Amino acid sequence: MSGSPYSSSAGHVATPFGEIALWRLLLPPTLSRARQRQHVRAEAQELLMRHYPVASWQHAHWPPNVPTPLSEPQRLQSEPALWLSWSYLQPAAPQALALLAIAPFPVGIDLSAGHLLDLEGWDAVLQLYGGIAAPPDPLDCARLWTRIEAAEKCVRTGLREWSVEVQAQRSRCELVELPLASTDLAAALAWLPPRPRPAD
């Protein structure tokens, strides 16, 4: 376990390519969105250093647009590599919570809540980014949204407006919904097969 009072193991998801480790991070509730991002990044670095070999975390694939905590000369070029993804709720959400996924292959995770948007708002974002109309239940809207976001994080493109090509890329990912205790929260996990090793 991490030494932080805010982190705890949430278990593992078995795949044909190995296990995805999941971590549940309880965020200090008073943090701003920017401070939450810094907190999750620091927790991720601590978990890597505590639970994985140096040869893995020094070659970790951090989420896009996240500065690596290691300078390039320190990074090892040999496998095994690790892939990280995380998601956390808006500061206005009642649950100050983040989820972190670590795997030896591309992975994406997303966390959302039905109350974050009204039905009109959900319909707008789901039409724009998912090419689908919003269902009448806000929680179902949040579930659909997490699948979109988790897939985009897995393919490491950033959020894109829906198109046939975008959907085809997302469809390469395996997707599962993650069970959560709250009746308002939704989470999804996506992964891709490991990338082939480069020839010597």
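Computed from a predicted model, the values in this text were never measured in an experiment.

Caption draft 1: Summary view of the state of the cysteines. For the coordinates displayed, the defined rule picks out zero disulfides. The thiol sulfur of Cys 154 is not disulfide-bonded, and the nearest other cysteine sulfur, from Cys 173, lies at 3.7 Å.

Caption draft 2: Quick peek at the packing of helix α3 (residues 119–130) against helix α4 (residues 138–155). In the contact formed by α3 and α4, the axes pass within 10 Å of each other and the chain directions differ by 25 degrees. The angle between α3 and α4 places the two elements in the roughly parallel class. Where α3 crosses over α4, the handedness of that crossing is left-handed. Between α3, through Leu 119, Trp 122, Val 125, Leu 126, Tyr 129 and Gly 130, and α4, the contact on the second element is made entirely by Pro 138, Cys 141, Ala 142, Leu 144, Trp 145 and Ile 148. Its residues assigned to classes, the contact of α3 with α4 shows eleven nonpolar, one polar and no charged.

Caption draft 3: Representation of the confidence of the model for the protein. On average, residues of the protein score 83 in pLDDT, and 78% of them are at 70 or above. Per-element averaging of pLDDT across the protein places helix α2 (residues 54–57) at the bottom with 63 and α3 at the top with 98. Throughout residues 70–79 the model reports pLDDT below 50, and contacts reaching past four residues in sequence, or to other chains, amount to 17 contacts.

Caption draft 4: Layout of the pattern of salt bridges. Under the definition given, this model contains six salt bridges. In this structure, Arg 50 engages Glu 46 in a salt bridge whose closest nitrogen and oxygen atoms are separated by 3.1 Å. One end of the pair, Arg 50, and the other, Glu 46, are both in helix α1 (residues 33–51), four residues apart, so they sit about a helical turn from each other. Since its relative accessible area comes to 24%, Glu 46 is described here as partly exposed. Here Glu 177 makes a salt bridge to Arg 143, at a shortest N to O gap of 3.9 Å. Placement of Glu 177 in strand β6 (residues 174–177) and of Arg 143 in helix α4 is noted, with a sequence separation of 34 residues between them. Arg 143 gets classed as partly exposed once you look at its relative accessible area, which sits at 30%.

Conventions used here
- Residues numbered from 1 in each chain as written.
- Predicted model: local features only at pLDDT ≥ 70, side-chain atom pairs only at ≥ 80, totals over all residues.
- Heavy atoms only, no water.
- Disulfide = S-S within 2.5 Å.
- Axes fitted to C-alpha atoms, helices over the stretch in contact; angles between N-to-C directions.
- Helix = DSSP H or I, 4+ residues; strand = E, 2+ residues; numbered from the N terminus.
- Parallel < 35°, antiparallel > 145°, perpendicular 65-115°, else oblique.
- Left-handed = near helix turned anticlockwise from the far one by under 90°.
- Contact = heavy atoms within 4.5 Å.
- Nonpolar A, V, L, I, M, F, W, Y, C, P; charged D, E, K, R; others polar.
- pLDDT = per-residue confidence, 0-100.
- Salt bridge = Lys/Arg side-chain N within 4 Å of Asp/Glu carboxyl O.
- Buried < 20%, exposed > 50% of the residue type's maximum accessible area, 1.4 Å probe, protein only.

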